[in-house]
Amino acid sequence: MQVITGFHAIEERVRKAAVSGKNNGMSLRLSKSGPRIKKILELAKKACIPVENCRESVLDDLVKVLPAVARDHRGIVLVQEGENSSQDNCVDFDLWVLTESKKSEKEKSVVLVLDSITDPHNVGAILRSSDQFGVSLVVMPARHSANDFQDNEIIARSSAGASAYVPVAVVNNLVRAVQKLKDAGFWIYGADAGGTNVDEFNFSGKTCLIMGSEGSGISRLLREQCDSIVSIPTCGKIDSLNVSVAAGVLLFCISRK
């Protein structure tokens, strides 16, 4: 069972269900009313999502399983149960790459690889930028990253609902995943403060961008897979940008080129 809080995260999941006609085992629990909740209820009606009015204490009990930062339910909680509790934007990496390998290298496709990014707030913010700048797929490792049950709730809130839309693949080995992307015609770029100015690159066709972890950056084995290392020109007094901010800037640069 998944428990989702936050107006943006709930609204986007319900909106997606209304468009697809699939409620995927969703139900809404309410203890309050208001303009934002009324808007969500209108979407829920279109998606045939059951709605249950509850006491505040019932919602408080539901959110106890969440990290403290995600327990502010503000009177509405989305519950997703059963076999369909996983998001339908989670894709099989190998099948996705197989499809991409059949496309021309000139066809634009952007893959973002997150190398052991453990803060779910960062992952959520990166997914939000990925949605805005047209990322085709976000790839995350099964271990040493923010993608477990409790993290999902924070990611959903931090992404302002974008986590319901951006295709995500979780893989056991990032190095092998990147090698498969290379075989499918992708150019591999690693993000690092000591790299070449991003303005000097002409991103076209199939592009893969690797963002390293908050503390140690890109791992050595992944770095060895990169065709080039790119950096953002800055003039501040601290070492570098936050990884989610850097990802947003680089994705903007890639999208405009």
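All figures in this text were calculated on a predicted structure; none of them were measured in a lab.

Residue position: S231 is located in strand β10 (residues 228–231). For S231, a relative accessible area of 9% corresponds to the buried category. Reaching out from S231, the side chain makes a polar contact with the backbone oxygen of G195 at a distance of 3.0 Å. In contact with S231, other than residues within four places in its own chain, are D192, A193, G195, T196, N197 and V198.

With that settled, the discussion passes to the nonpolar core. Core analysis: the largest hydrophobic core is formed by 29 residues, its most contacted members being L112, L114, V138, L209, M211 and L250. Of all the secondary structure elements, the ones that give two or more residues to this core are β5 (109–114), α5 (120–132), β6 (137–141), β8 (187–197), β9 (206–211) and α9 (243–256). Of all the elements, α9 adds the most residues to this core, at seven residues. The residues contacting L114, other than those within four sequence positions of it, are V123, I126, V138, V139, M140, P141, L174 and M211.

Attention now goes to the sheet that holds strand β1 (residues 2–4). The strand order β1-β4-β2-β3 describes an open sheet built from four strands, whose pairing is mixed. This sheet does not close on itself; its edge strands, each paired only once, are β1 and β3 (51–53). Strand-to-strand twist across the sheet, computed as the mean angle between neighbouring axes with direction ignored, equals 25°. Pairing geometry for strand β2 (residues 26–30) and strand β4 (residues 76–80), over five bridges, is antiparallel. Residue pairing across strands places S27 opposite V79, the latter belonging to β4. Relative to β4, helix α1 (residues 7–20) is tilted by about 50°, and along the sheet it contacts β1, β2 and β4. The strands touched by helix α2 (residues 35–46) within the sheet are β2, β3 and β4, with β2 carrying the most contacts at an inclination of about 150°.

Overall, the coordinates contain 11 salt bridges when judged by the stated rule. For R223, the salt bridge goes to D192, with nearest N and O atoms at 3.5 Å. In this pair, R223 sits in helix α8 (residues 220–223) while D192 sits in strand β8, placing the two residues 31 residues apart along the sequence. Owing to a relative accessible area of 36%, R223 belongs among the partly exposed residues under this scheme.

Between helix α4 (residues 93–101) and helix α7 (residues 174–183), the least distance of the axes is 9 Å, while the angle of their chain directions is 15°. What the angle tells us is that α4 and α7 run roughly parallel. Classified by chirality, the crossing of α7 by α4 is right-handed. Taken together, the residues of α7 that come into contact with α4 (itself represented by F93, D94, W96 and V97) are A177, K180 and L181. When grouped by side-chain class, the residues that make up the contact of α4 with α7 number five nonpolar, no polar and two charged.

It is worth spelling out the packing of α1 against α2 at this point. Relative orientation of the contacting elements α1 and α2 amounts to 20°, with a least axis distance of 8 Å. One element, α1, and the other, α2, form an angle in the roughly parallel class. Between α1 and α2 lies a crossing whose hand is left-handed. In contact with F7, H8, I10, E11, V14, R15 and A18 of α1, α2 contributes R36, I37, K39, I40, L43, A44 and K46.

Among the secondary structure elements, T234 is positioned in the loop between β10 and α9. By relative accessible area, which is 57% here, T234 ends up exposed. The sequence separation of T234 and A193 amounts to 41 residues, and the corresponding C-alpha distance is 9.3 Å.

Definitions and limits used
Residues numbered from 1 in each chain as written. Predicted model: local features only at pLDDT ≥ 70, side-chain atom pairs only at ≥ 80, totals over all residues. Heavy atoms only, no water. Helix = DSSP H or I, 4+ residues; strand = E, 2+ residues; numbered from the N terminus. Buried < 20%, exposed > 50% of the residue type's maximum accessible area, 1.4 Å probe, protein only. Polar contact = N/O pair within 3.5 Å; in protein donor to acceptor, adjacent residues only side chain to side chain. Contact = heavy atoms within 4.5 Å. Core = buried A, V, L, I, M, F, W, Y, C linked by side-chain atoms within 4.5 Å. Pairing = 2+ DSSP bridges. Axes fitted to C-alpha atoms, helices over the stretch in contact; angles between N-to-C directions. Salt bridge = Lys/Arg side-chain N within 4 Å of Asp/Glu carboxyl O. Parallel < 35°, antiparallel > 145°, perpendicular 65-115°, else oblique. Left-handed = near helix turned anticlockwise from the far one by under 90°. Nonpolar A, V, L, I, M, F, W, Y, C, P; charged D, E, K, R; others polar.

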